[in-house]
Amino acid sequence: MTQEIPEIQQRWSWLEIDLSAIRHNVEDARAQLQPGTKLLAVVKADGYGHGAVECARASLEAGADYLGVATAPEAFKLREAGITDVPLMIISQPPAETAPLLVKHQVMPAVYDPKFALAYGAAAEAAGVKAPYHMAVNTGMNRIGVRWTDVVDFQKAVAGCDALQLVGTFTHFATADCPATAEFETQVARFQQAIAALREAGVNPGIVHAANSASIWRYPQVHFDMVRLGISLYGFMACPEIADIADLQLAMTVHARITDTRMVEPGDGVSYGLHYNPTEYERVCTVPLGYADGLRRGLSSNTSFIWNGRLCRQVGNICMDQCMFVVDIRPDENGEVANPQVGDEVLIVGKQGDAEVTITEMAQKLGSNDHEIAIGFAQRMPRVFV
Ligand SMILES: *Cc1c(COP(=O)(O)O)cnc(C)c1O
């Protein structure tokens, strides 16, 4: 029974993911690249909340060459879903315990620790195969990687393991999405220095890559052999500077249906703490999503929903699983009064006519970023792919 009734009928809140937007965004990124430059679609964190398997497939259909995830389990999930014939890398270094599984599923790790490299190489040798990897280079973000001055030493440290194959060398920028900074230029120079040192030492760095979403549109000079498209794959402007250059389509909208509605009067209060106090008769409606669904409590009385093409104020504290909003019941120019009903669809994020609510404005209100808010919405709500 639980399988026969779709989840969005079991619970009246859901995400819609527009896979044609994903394909469009891959194509828009591609249009920035020189012929031959590869595009890696970053589908970590379940595709930034949009569904890793579906977004990976859509990206590949649109011409992505490579997939990237953050963890070993994320990588194995893609392989087990049948995405087997495409290069797949983990953009961090997983625990050495994963080595046999990396070999089995043909997943390339990022590598910066010789001990990990040798464990991975040994697992590949035991299976009679090669151990391809991408070397992570720390050029200034100070998160992971071999220090840019030490890349040749690292290669010497692992040279004894024949199975290991350096198929790529990459770094990650700390400030590609910030207003132009000297630090960005410093990272580029250090990365180029590392690549040059490898070549001088007779080591082929393989696929050289550095660019994240912001740099794809902003800094063509750092495209090298491959770019890594993350947040903008899902339609978000990685930074204001690319807004005029990039032509992106948002893929995620958030939907709900009204579960209850009532009139409230002056003197009443709404939601925990009764902090919302109407000063006149108002129509309050309830939708079944809350902060356990990623609608952050910090947005209480500070966001709007869209019902029937119009913006409606969310009021009162957002609860764990539900929240309330007000529909304006003042008669319109034709004397008609709005009459919301249980079952009516409400947009929590999306656009209808002139009314629009975006994840970006929510993120700004919360001092967060698009990534965190989008991922949050995927915590519990089912996804519908359109
Ligand atoms: C997350 C991540 C990306 C994608 O970055 P966006 O800014 O989302 O495009 C690229 N490379 C690495 C190493 C990452 O961790």
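The coordinates are above.
Residues numbered from 1 in each chain as written. Predicted model: local features only at pLDDT ≥ 70, side-chain atom pairs only at ≥ 80, totals over all residues. Heavy atoms only, no water.

Peer 1: Just give me the short version of the environment of Ile242, but keep the residues and values in it.
Peer 2: Note on placement: Ile242 falls in the loop between β10 (226-229) and β11 (252-257). In contact with Ile242, not counting residues within four places along its chain, are Ala214, Trp217, Arg218, Ser232 and Met237. (Helix = DSSP H or I, 4+ residues; strand = E, 2+ residues; numbered from the N terminus. Contact = heavy atoms within 4.5 Å.)

Peer 1: So what about the side chain of Arg283? Which residues, and what values?
Peer 2: Its place among the elements puts Arg283 in strand β13 (residues 282-287). Put simply, Arg283 is tucked away with no salt bridge, and the nearest opposite charge, on Asp344, sits 7.5 Å away. A polar atom in the side chain of Arg283 sits 2.8 Å from the side chain of Thr261. (Buried < 20%, exposed > 50% of the residue type's maximum accessible area, 1.4 Å probe, protein only. Lys, Arg positive; Asp, Glu negative; His and termini not counted. Salt bridge = Lys/Arg side-chain N within 4 Å of Asp/Glu carboxyl O. Polar contact = N/O pair within 3.5 Å; in protein donor to acceptor, adjacent residues only side chain to side chain.)

Peer 1: Give me the lowdown on the site of the ligand, citing residues and values where you can.
Peer 2: In the region of the ligand, the neighbouring residues are Val42, Lys44, Tyr48, Ile91, Arg143, His172, Asn212, Ser213, Arg228, Gly230, Ile231 and His371. Between the ligand and Arg143, the relevant distance is 3.1 Å, taken from an oxygen atom to a side-chain nitrogen or oxygen of the residue. Considering the ligand on its own, with 390 Å² of exposed area, one finds that the protein chains cover 91% of that surface. Class assignment for the residues of the shell around the ligand results in four nonpolar, five polar and three charged. (Near = heavy atom within 4 Å. Areas by Shrake-Rupley, 256 points an atom, 1.4 Å probe, with all protein chains shown as cover. Nonpolar A, V, L, I, M, F, W, Y, C, P; charged D, E, K, R; others polar.)

Peer 1: Give me helix α11 (residues 359-366): which residues, what numbers.
Peer 2: Of all the residues in α11, the buried ones are Ile359, Met362 and Ala363. An end-on view of α11 places all buried positions within 100° of arc, on one side of the element. Each element contacted by the buried residues of α11 is listed here: β11, β17 (345-352), β18 (355-357) and α12 (370-377). Directly after α11, the chain includes Gly367, whose backbone phi takes a positive value near 65°. (Arc of directions from axis to C-beta.)

Peer 1: Describe in detail the packing of aromatic side chains, supporting the description with residues and values.
Peer 2: Tallied over the full model, the rule gives six aromatic pairs. For the pair Phe116 and Tyr120, a centre-to-centre distance of 6.1 Å together with 20° between the ring planes defines the contact as stacked. Of this pair, Phe116 and Tyr120 both sit in helix α7 (residues 114-127), four residues apart, which is roughly one turn of that helix. Residue classification places Phe116 among the buried residues on the basis of a relative accessible area of 3%. Residue classification places Tyr120 among the buried residues on the basis of a relative accessible area of 2%. Through a chain of ring-to-ring contacts, three or more aromatic side chains come together here, namely Phe173, Phe184 and Tyr219. Across the ring face of Trp148, the terminal group of Arg147 is positioned such that the distance to the ring centre comes to 4.3 Å. The residue whose ring lies beneath Arg190 is Trp148, and the NZ or CZ to ring-centre distance is 4.0 Å. (Phe/Tyr/Trp six-rings, centres within 6.5 Å; stacked < 30°, edge-to-face > 60°. Lys NZ or Arg CZ within 6 Å of the ring centre and 35° of its normal.)

Peer 1: Could you give me a rundown of the side chain of Asp28, with the residues and numbers involved?
Peer 2: Mapped onto the elements, Asp28 comes out in helix α2 (residues 19-30). Despite being buried, Asp28 has no salt bridge partner; Arg30 is the closest side chain of opposite charge, sitting 12 Å away. Only 3.3 Å separates the side chain of Asp28 from the side chain of Trp217, close enough to count as a polar contact. Beyond its immediate sequence surroundings of up to four residues, Asp28 is in contact with Trp217, Ala246, Asp247 and Leu248.

Peer 1: Tell me about the nonpolar core, and please be specific about residues and values.
Peer 2: Core analysis: the biggest nonpolar cluster contains 124 residues, and Leu78, Leu295, Phe325, Ile348 and Phe377 have the highest contact counts within it. If you look at the next biggest cluster of nonpolar residues, it comprises seven residues, including Val264, Val270, Tyr276 and Val284. (Core = buried A, V, L, I, M, F, W, Y, C linked by side-chain atoms within 4.5 Å.)

Peer 1: Could you give me a rundown of the pairing of strand β15 (residues 310-315), with the residues and numbers involved?
Peer 2: Both strand β14 (residues 304-307) and β15 contribute to a ladder of four bridges, which runs antiparallel. When the sheet's bridge partners are listed, Ile306 is paired in β15 with Leu311. If you look at the hairpin formed by β14 and β15, you'll find two residues sitting between the two strands, and Asn308 has a positive phi there, around 55°. With two bridges connecting them, β15 and strand β16 (residues 323-327) associate as antiparallel partners. Within β16, the residue paired with Gln314 across the bridge is Phe325. (Pairing = 2+ DSSP bridges.)

Peer 1: Please provide a residue-by-residue account of the packing of α11 against α12, values included.
Peer 2: Packing of α11 against α12 brings their axes to within 8 Å, and their N-to-C directions diverge by 110°. Between α11 and α12, the crossing angle belongs to the class labelled roughly perpendicular. You can see that α11 and α12 cross each other, and the crossing is right-handed. Mapping the contact onto sequence places Ile359, Thr360, Met362, Ala363 and Leu366 in α11 and Asp370, Ile373, Ala374 and Phe377 in α12. (Axes fitted to C-alpha atoms, helices over the stretch in contact; angles between N-to-C directions. Parallel < 35°, antiparallel > 145°, perpendicular 65-115°, else oblique. Left-handed = near helix turned anticlockwise from the far one by under 90°.)

Peer 1: Residues and numbers for unusual backbone geometry, please.
Peer 2: A positive phi angle is found at Ala45, which is not glycine, with a value near 50°. Relative to the elements of secondary structure, Ala45 occurs in helix α3 (residues 44-48). Here the phi dihedral of Asn142 falls at roughly 60°; this positive angle occurs in a residue that is not glycine. Along the chain, the position of Asn142 falls in the loop between β6 (131-138) and β7 (146-147).

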